[in-house]
Amino acid sequence: MISFELRCSPSYKQEEILEMDSGKTVHRRKPDIPAIRHMQEVGVKSLELSKVIRLLEDPLTANLKERHLFVLKKLLKRSQIGFLLKELTGIAKILNICAEKVTDHPEYVPILCEALQICRLPFLKEKVSDELNYALDVKEFLSHMGCLMRVSHAEVRQQIVESVKSFYSCVAPRQLLDGTDRLTKPTPRTFPSGNRFSRLSLRLQPTSPGYRLQLLEHSDLAQTLILSLAALENQPAVKLQLLQTLQILSSSSDINCALILKAGGAETICLHMNEPDPSGQVLFRSSEILWNLLERGSKEVAAQLSSMECVISLKEAFLHQLINGSRHSDLQLRNDLLVITTLIAGNPNSLLIESLFAKQLVVLATFPELKSYNPLVRNLKLTYSNEDLKMKKLLFNLLVLMSKDFAALQLYKEETVMVALLTLVKPPAASSERQSASRQWSSVQREELQLQALATLCTVAPLMLDDYMSCQGNACLLLLLDWCVAQDAFFGQGHSSHGEGGRGSTKAQMRHCIRVLRSMTSLGEDSVNQDFCDQGTINHFLGILMQMEAGPDEEDVTTLEIKSDIQLILSALCENDMHRKELFGSEGVEMAIHFLKKGCAKFYSGLGHNKLILSTVDCVWSCIVGCYTTEDYFLAKEGACLLLDLLSSSPRCVHCNVLATLLELCDNPNTLSHILSWRDAGGQTAPRFLLQLWMDEEEELKVSRNRHGGIVDPQVPILSHYQQEETQLSFPANTPSAAVLEVSENLRLKIYSIFCKLGFQDLPGLSRKHYVTLSIVRRYLDFKVGEVWDEIRRELNLDGVRPITPDEEALSTICQIAEDTARRVAAEQNSILEQQEKEDIGEEELMYTEIKSHWKQRELIAKSWDRYVAKTSNYEILKEVKAQRENYIESSRTKAKHQDVAAHPTEHFIGRVMSVERTGAQGPAGVKLTLARAPIKAAGQDEVGATSQDPEYFSTVSVKD
């Protein structure tokens, strides 16, 4: 460790340095110069730097070069363990002064180099709070450090970039590595002569490793380094070191990348990566920096690299590596440059076509499948390695990205890209028919190229329809599909991203082949679709679909995607052609019924069942509805009921499609009976279920309704909450208003249309609440018309437009009629509710009467039982009852003897059981009989003169079993 004390005479003529070398302190004293007092030594450090700065800047001493060098060397020697945080401002100023003097005095170069070497060491702090207190000073020091790149000497620039690189190596001084984490300055001793030096004990610590890196991100160092790259054309070694440093900076943090991009770093790197390079490392380092920038800001990087100069620079670098590269690292670098070009191609403002780079890339994309006389590929030899395979796949990806430009499509036509792609998608030839060339793609590589070509065709083929048809693309793809379906011994490798889900089979090829066919049929071109149908595609696809359903394989993402895509292809083919719907026929109906029966149990499985359900409904709509023969067969197979089952079990997002299909199917008169006879698992009828859907929809739309579902405000009977929020908006004439858009965005119009087919009378399974809702449904169209006219009147008021008097009167009358209709519906709803209330009251009274009769019956049973018990338990009561019975019999007999037989014939009665009921009680009370008695006429009684009498009914309380 080194310490020094600066002694000064009043005349500023003498200056002595106290050094400590190898742990020994040497004191040189002059008797005529007094020692510095303890009070003065507190600010010795700041005074030293200020005096050095004054020495360098003072006009009187500015030319004392030897003196400057002497003082600076001593200053740097004292700071061999690192700069103090509080001294960094002064150090930065001294370094800037030295940098200005270097131009005329190269002797200052070693000073700068030595100072920059010290900068590699961690900064030192005296207190823990110094890191926070001097953070701004550290940030400015690092910025000044980058500005030293203006010095033209290679040694200084190299020391700067090496120092910045060292920041990320986190290498501490040897003393710290040995465990001495505190640096203590030696304390001066008391000499025998009696002169005493004050004790100054400063305990120093290095800053944390991440402290300097964190402040570097907030400084201008990264920007300064990237801007200095243009000044290093004649210093290739320093340039390489700077690129290595920028690579470290760009890979360390997003902030550094943002600073580099802010200074135009991507463009600067690209423009200088083709300069002469003896080491051969500049292009590699430049591509690595661009990679790091792309990972953290691809859009901004693509924008910077889209200029003509950058595109030409990339083209030169790529072609150089393509032609001259032979090592594995060269091939990797070539592919890296191609990836960067791919990202540029995604920018709509890229100049790939104008720079002729796109033409060369298209030629390479068709090589070696097609022979070309282009000088670029005439002598080009591929090694068919994995790197060449990656290049080929990247070129196909470029075809997809550049296809957005019409000029690129013209290049594709000129270079017969469609022929090359269809050549690659052909089924693999048999082993005996394969070419005997010594070098060609392996089976695994060919499979990957085949899948990549199919993925490219999905985008390119619809844009090049004429080329596709002239190359018989449909036939080629159907041939590949036949090969996929055939039971072949092909074993798919499934290594590429496009081969997902197809390992061990041809499922991946089938998946992408179906994708291409779907993209072609979805264009709606009659020539393409007719060509498909002429080759028997409809029946072929139906057979493939049912074959996959009957297979033993479990349903996965790939299988479900293939099934849904086939159904979409069938929908596109049959949608507007009656003859094709007839070709769909009963086999197609059986397929649709099969998939409808699966239901929505796996809708949220995440495998694609949701897409399969939607494609099935779309297939019913496009391939069955509209053709009476297929419709009748569909209805005979309970297709309408299956649609209602799907509607009742599916989530809300499916309801719109299912209702639309069911509505179209209602044009067939045989459909209505199926709908009315349908019941769900809970016994709910179709009208009741549809009205419940209506109520749920209005609840979702937040339509104002009372607790019974009736109209609250006759002025807005069906207005949703979302429409009310837009009442103060005026829409342009060519833009649909909220009232019109609302019709297509919810289910109410479809439900209303279905009820128009079913009718509004004699619907089964409806309660009073459903009748209340049905009254709104019946007037939905009237309400909607009034709502549209009211919206027109409101918009006219917002725009300050007053209609002429007749139009205004007509507008007011229309709106008033709609409001009166709503009031009549509200009155009808109130009448329904009142009738319901009366019926509820009558049912309640009947229920109370039954309860009262039941309790009276129980009282009679209890009283009868008490009488029976009293007779059996009390002998006196039994005798009394017996005496009463005898008296009654005696009185009856006496009365019968004195009666006139002729005038009053004796009547006898016979009893007949009318009904038997069991009440569930124990004993005699458990049986309730209803008897009827009828008189038997005496002999000789005149039947003609006898008067008829209604039978007398009586109900016994109970009888014994």
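Residues numbered from 1 in each chain as written. Predicted model: local features only at pLDDT ≥ 70, side-chain atom pairs only at ≥ 80, totals over all residues. Heavy atoms only, no water.

Chemist: I'd like to hear about the confidence of the model for the chain, residue by residue, with values.
Modeler: Taken over all residues, the pLDDT of the chain has a mean of 81, while the share at 70 or more is 81%. Between residues 171-202, whose pLDDT stays under 50, and residues either more than four places distant or in other chains, the model counts 49 contacts. Note that pLDDT drops below 50 for residues 936-961; the model gives that stretch 37 contacts with residues more than four away or on any other chain. (pLDDT = per-residue confidence, 0-100. Contact = heavy atoms within 4.5 Å.)

Chemist: If you had to explain the nonpolar core to someone new, which residues and values would you point to?
Modeler: Within the largest apolar cluster, 139 residues are counted, with the highest numbers of intra-cluster contacts made by Y412, L517 and L570. Not counting residues up to four positions away in its chain, the partners in contact with L517 are Y468, L477, L478, L481, F532, F541 and I569. Listed in part, the 83 residues of the second largest apolar core include A115, I269, V282 and C310. (Core = buried A, V, L, I, M, F, W, Y, C linked by side-chain atoms within 4.5 Å. Buried < 20%, exposed > 50% of the residue type's maximum accessible area, 1.4 Å probe, protein only.)

Chemist: Please provide a residue-by-residue account of the pairing of strand β7 (residues 203-206), values included.
Modeler: On β7, burial follows the alternation: L204 and P206 on one face are buried, whereas R203 and Q205 on the facing-out side are not. Across two bridges, strand β5 (residues 124-125) lies against β7 in antiparallel orientation. Its bridge partner being in β7, L124 is matched across the sheet by P206. (Helix = DSSP H or I, 4+ residues; strand = E, 2+ residues; numbered from the N terminus. Pairing = 2+ DSSP bridges.)

Chemist: Just give me the short version of helix α11 (residues 236-252), but keep the residues and values in it.
Modeler: The terminal C-alpha atoms of α11 lie 24 Å apart, and with 17 residues this matches the ideal 24 Å at 1.5 Å per residue to within 8%. Of all the residues in α11, the buried ones are V238, K239, L240, Q241, L242, L243, Q244, T245, L246, Q247, L249 and S250. Residues of α11 that are buried sit in contact with α7 (154-167), α9 (209-217), α10 (221-227), α12 (254-262), α13 (265-271) and α14 (282-304). (Expected span 1.5 Å × (residues − 1).)

Chemist: Explain the environment of L356 residue by residue, including any values.
Modeler: When you line up the elements, L356 lands in the loop between α16 (328-345) and α17 (357-365). The class of L356 is exposed, set by a relative accessible area of 54%. Linking L356 and K315, residues 41 residues apart in sequence, is a C-alpha distance of 9.0 Å.

Chemist: I'd like a description of the packing of aromatic side chains, backed by residues and values.
Modeler: Inspection of the entire model under this criterion finds nine aromatic pairs. On the numbers, 6.2 Å between centres and 20 degrees between planes, the contact of F755 with F760 is stacked. We note that F755, like F760, is buried. One aromatic cluster in this structure is built from W694, Y752 and Y780. One residue, R212, lies across the ring of F123, its end atom 5.3 Å from the ring centre. (Phe/Tyr/Trp six-rings, centres within 6.5 Å; stacked < 30°, edge-to-face > 60°. Lys NZ or Arg CZ within 6 Å of the ring centre and 35° of its normal.)

Chemist: So what's going on with unusual backbone geometry? Which residues, and what values?
Modeler: Residue P368 follows F367 across a cis peptide bond; omega there is 5 degrees. You can see P368 is positioned in the loop between α17 and α18 (375-378). With a phi close to 55 degrees, Q472 is a non-glycine residue in the positive phi region. Of note, Q472 is situated in the loop between α23 (465-470) and α24 (473-485).

Chemist: Account for a negative patch on the surface, with residues named and values stated.
Modeler: A cluster of like negative charges, contributed by E834, E837, D840, E843, E844 and E845, occupies part of the molecular surface. Relative to the helices and strands, E844 resides in helix α41 (residues 805-873). Overall, E844 belongs to the partly exposed group, its relative accessible area being 38%. (Patch = residues over 30% accessible without salt bridge, like charges linked within 9 Å, V, L, I, M, F, W, Y side chains within 5 Å. Areas by Shrake-Rupley, 256 points an atom, 1.4 Å probe, with all protein chains shown as cover. Salt bridge = Lys/Arg side-chain N within 4 Å of Asp/Glu carboxyl O. Lys, Arg positive; Asp, Glu negative; His and termini not counted. Charge placed at Lys NZ, Arg CZ, Asp CG, Glu CD.)

Chemist: Kindly report on the pattern of salt bridges, identifying the contributing residues and their values.
Modeler: Across all of its chains, the model carries 39 salt bridges by this definition. For E555, the salt bridge is made with K563, and the minimal N-O distance between the two is 3.3 Å. Under the relative-accessibility criterion, K563 is labelled buried at 2%. Among the charged side chains, a salt-bridge network with shared partners connects E698, R705, E742, R748, K784 and E787.

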